[in-house]
Amino acid sequence: MKTLIKNGTVVNATGSGAADVIIDGETIAAVLAPGSTLLGFDLEANVDTVIDAAGKYVIPGGIDAHTHMQMPFGGTEASDTFETGTRAAAHGGTTSIVDFVVQYAGENVLDQYALWQQKAAGECAIDYGFHQILSDVQDSSLTAMDELVAEGVSSFKLFMAYKGVFLSDDGQIVKAMQKAASNGSMIMMHAENGSVIDLLVQQAVAAGNTTPYYHGLTRPWQAEEEATHRAIMLAHLTGAPLYVVHVSAKQAVEQIATARDRGQNVFGETCPQYLYLSLEDQLGATSEEWGDFEGAKWVCSTPLRSKHEGHQHHMWQSLRTNDIQMVSTDHCPFCMKGQKDMGLGNFSKIPNGIGSVEHRMDLLYQGVVDGQLSLERWVEVTSVTPARMFGMYGKKGVIQPGADGDIVVYDPNGHTSIGIGEGKTHHMNMDYSAWEGYEIDGHVDTVLSRGSVVVDDNRYLGRKGDGKYIKRGLSQYLI
Ligand code: DUC
Ligand code: ZN
Ligand code: ZN
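A short tour of the structure in this document, coming up.

Rules used throughout
- Residues numbered from 1 in each chain as written.
- Chains lettered and ligands numbered in written order.
- Predicted model: local features only at pLDDT ≥ 70, side-chain atom pairs only at ≥ 80, totals over all residues.
- Heavy atoms only, no water.
- Near = heavy atom within 4 Å.
- Polar contact = N/O pair within 3.5 Å; in protein donor to acceptor, adjacent residues only side chain to side chain.
- 1 Å grid on protein atoms, 1.4 Å probe; cavity = no way out; pocket = protein on both sides within 12 Å on 5 of 7 lines; lining within 4 Å.
- Sits in = over half its atoms within 2 Å of the grid points.
- Nonpolar A, V, L, I, M, F, W, Y, C, P; charged D, E, K, R; others polar.
- Donors = N, O, S within 2.8 Å, 3.2 Å for Na, K, Ca; no water.
- Buried < 20%, exposed > 50% of the residue type's maximum accessible area, 1.4 Å probe, protein only.
- Pairing = 2+ DSSP bridges.
- Helix = DSSP H or I, 4+ residues; strand = E, 2+ residues; numbered from the N terminus.
- Contact = heavy atoms within 4.5 Å.
- Axes fitted to C-alpha atoms, helices over the stretch in contact; angles between N-to-C directions.
- Parallel < 35°, antiparallel > 145°, perpendicular 65-115°, else oblique.
- Left-handed = near helix turned anticlockwise from the far one by under 90°.
- Tetrahedral: all angles 85-135°; square planar, octahedral: opposite > 155°, others 65-115°.
- Points joined across faces, edges and corners; volume = space filled by probe spheres on them.
- Core = buried A, V, L, I, M, F, W, Y, C linked by side-chain atoms within 4.5 Å.
- Salt bridge = Lys/Arg side-chain N within 4 Å of Asp/Glu carboxyl O.
- Right-handed = clockwise from strand over helix to strand, strands pointing away.

1. As for the site of ligand 1
- The environment of ligand 1 is made up of 13 residues, and the closest members are H190, H246, S301, D330 and N352.
- H246 is positioned with one of its side-chain polar atoms (N or O) 3.4 Å from an oxygen atom of ligand 1.
- Taken atom by atom, the bulk of ligand 1 overlaps the largest cavity.
- Grouping the amino acids of the shell around ligand 1 by side-chain chemistry returns 6 nonpolar, 5 polar and 2 charged.

2. Description of the coordination of the zinc ion (ligand 3)
- Summarising the metal site, the zinc ion (ligand 3) is bound by the protein donors H66 (NE2), H68 (NE2) and D330 (OD), whose distances to it range over 2.0 to 2.2 Å.
- Each donor residue of the zinc ion (ligand 3) lies on one chain, and together they are spaced H-x1-H-x261-D.
- A gap of 3.8 Å separates the zinc ion (ligand 3) and the zinc ion (ligand 2). The residues H66 and H68 share a single accessibility class, namely buried.

3. Here we look at the sheet that holds strand β13 (residues 242-244)
- Spatial ordering of the open sheet is given by β6-β9-β10-β11-β12-β13-β14-β15, a layout of 8 strands whose pairing is parallel. Strand pairing shows two members of the sheet lacking a second neighbour, β6 (62-67) and β15 (326-327), which therefore form its edges.
- By the bridge criterion, 6 bridges tie strand β9 (residues 94-101) to strand β10 (residues 127-133) in an arrangement that is parallel. By the bridge assignment for β10, V101 is matched with Q132.
- Strand contacts of helix α7 (residues 221-238): β12 (186-190), β13 and β14 (266-270), with the helix running at about 170 degrees to β13, the strand carrying the most contacts.

4. A word on the packing of helix α3 (residues 139-151) against helix α4 (residues 170-183)
- At a closest axis distance of 10 Å, the pairing of α3 and α4 adopts a crossing angle of 30 degrees. Between α3 and α4, the angle falls in the class roughly parallel. Relative to α4, α3 is oriented so that their crossing is right-handed. Of α4, the residues touching α3 (which contributes D139, L142, M145, D146 and V149) are K175, A176, K179, A180 and N183.
- Class assignment for the residues of the contact of α3 with α4 results in 5 nonpolar, 1 polar and 4 charged.

5. A word on the coordination of the zinc ion (ligand 2)
- At the metal site, the zinc ion (ligand 2) is ligated by K157 (NZ), H190 (ND1) and H246 (NE2), and these contacts range over 2.1 to 2.4 Å.
- Metal-centred angles of 85 to 128 degrees between the 4 donor atoms at the zinc ion (ligand 2) mark the site as tetrahedral.
- Coordination of the zinc ion (ligand 2) draws on donor residues from a single chain, spaced K-x32-H-x55-H in sequence.

6. Regarding the layout of surface pockets
- Its volume calculated, the largest pocket comes out at about 470 Å³.
- Lining the largest pocket are 19 residues, and of these Y162, D198, R219, S348 and N352 lie nearest its centre.
- Per-element tally for the lining of the largest pocket: the top contributor is helix α5 (residues 194-206), with 4 residues.
- Across the lining of the largest pocket, the residue classes tally to 10 nonpolar, 5 polar and 4 charged.
- E358, T416, T425, H443 and N458 are, among the 18 residues lining the second largest pocket, the residues nearest its centre.
- Broken down by class, the residue content of the lining of the second largest pocket amounts to 3 nonpolar, 12 polar and 3 charged.

7. A look at unusual backbone geometry
- Put simply, S301 and T302 share a cis peptide bond, and its omega is 0 degrees.
- Positionally, T302 belongs in the loop between α10 (279-284) and α11 (311-321).
- The phi torsion at N322 lies on the positive side, around 70 degrees, for a residue other than glycine.
- Take N322: it is sitting in the loop between α11 and β15.
- Despite not being glycine, D330 shows a phi value in the positive range, around 55 degrees.
- When its relative accessible area of 8% is taken as the criterion, D330 is described as buried.

8. What about the nonpolar core?
- I187, M189, L242, L364 and W378 are the most contacted members of the largest nonpolar core, which has 130 residues in total.
- Here this core gets 7 residues from one element, more than from any other, and that element is helix α13 (residues 375-389).
- Within the second largest apolar cluster, 15 residues are counted, among which are V10, I23, V398 and V409.

9. So, α11
- Within α11, the full set of buried residues consists of H311, H314, M315, W316, S318 and L319.
- Directly after α11, the chain includes N322, whose backbone phi takes a positive value near 70 degrees.

10. Observations regarding the pattern of salt bridges
- Scanning all chains against the criterion turns up 24 salt bridges.
- The shortest N-O distance in the salt bridge between E380 and R377 comes to 3.1 Å. Placement of the pair is E380 and R377 together in helix α13, with a separation of 3 residues, close to one helical turn.
- Accessibility expressed as a relative area gives 10% for R377, which makes it buried.
- When salt bridges that share partners are traced, they join E26, D127, K395, K396, D404, D406, R450 and K468 into one network.

11. Quick notes on the pairing of β12
- Burial runs high along β12: 5 of the 5 residues are buried.
- Taken together, the 5 bridges between strand β11 (residues 155-159) and β12 define a ladder with parallel strand orientation. Bridge pairing in β12 places K157 opposite M188.
- In this view, the connection linking β11 to its parallel neighbour β12 by way of α4 has right-handed handedness.
- Bridge count between β12 and β13: 3 bridges; the pairing is parallel. Looking at the pairing, M188 lines up with Y243 of β13.

What is shown is where atoms sit, not what they do.
Right, here's the structure in full:
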């Protein structure tokens, strides 16, 4: 099967220009000047499929390096399965995800890894890799870290919050960091001070402050800044590379920027919710159906921040200046009915998470339209850097000969209405959209995963099980 994508503007991180792309089987075979013949060969007559991308961008498929499909969490399970979540991702121009194997305290890391491989096998619409969550860091977890790196799991997420569920104490964190420093893997950190948060939550609930808004107030930016600083210091002590996930507070960004200026291997990820949504949106949210519980739709951790404190502006700026390197979603969807509503009368029982895997490429493209990012930086923060950060670049994250044929044809003159209301839609397994009402000045037209068209003009043409496991290497940012 040979495909020619002609007349488009190919966008890589290093620049963009008119080019035709030929895909042979699953792999990009050539990127040529528009209308080229190859040694006199009439390309168009010798391929099976021609996609006309005139007036459109041809970009490397999106890579969402932070998703939680069917994750058991908060007394329930994230509502997207590997099947539904990866299909939704494909609709939105994401052709690879990196999800998280979960090891809760007391569980065996390698058993959990085998379980997650089973859960995903034969289910995914697009390619997928895994990070490994470590909760308690047992001796066997440390040896498992070496084995997992050989399996292509080269990054390990630790938590400084969620005591009794995920939290590792500082000694456990240091042990895992020492191992990462020795085997070249990446430590990912959920950086919030869990003890402080637990106390504030307890006090708020005791005082009768139980609506979703208090979720944000009891997870203040100081708790994020403090934990980010501590994680950076522990990484410095051990020599481990550190990737701080879902950064929402500008003060946490400043900690990351300072460490980077010092030459430390510290990286930061933010998510669309911290670029667009605020605590005030959550406070003001009300509906006939849910009253002030409507705000539960946006309960996630780290939480939304106040728009009066300048976090959103700072986050866009940090993406431009590379103080923050990339954007993932932390896709962790829950339905309002039967899941989020477990927290009616007590916000601390609301399962934490927002679903965005389908909308990341569009929401970040809107940043290009709004003058927040260049076209190339859009591709960089959504595809190129995730590929480099997590050992996939070359195959993923670039349009060049030898790379996988993971390509999105994006129409800058198209339009996307996000949500679930009349005439709008999404494909995530959720009974609401955290993004309802967002209008995007662009559209994902055609999505190819390893050379096969999986989405065309909003129609899904792939099959579950098309997606293959990505055996990742070490981060390409480390020396
Ligand atoms: N934050 C969330 O909002 N959901 C899943 C886990 C996390 O850290
Ligand atoms: Zn987290
Ligand atoms: Zn997460």
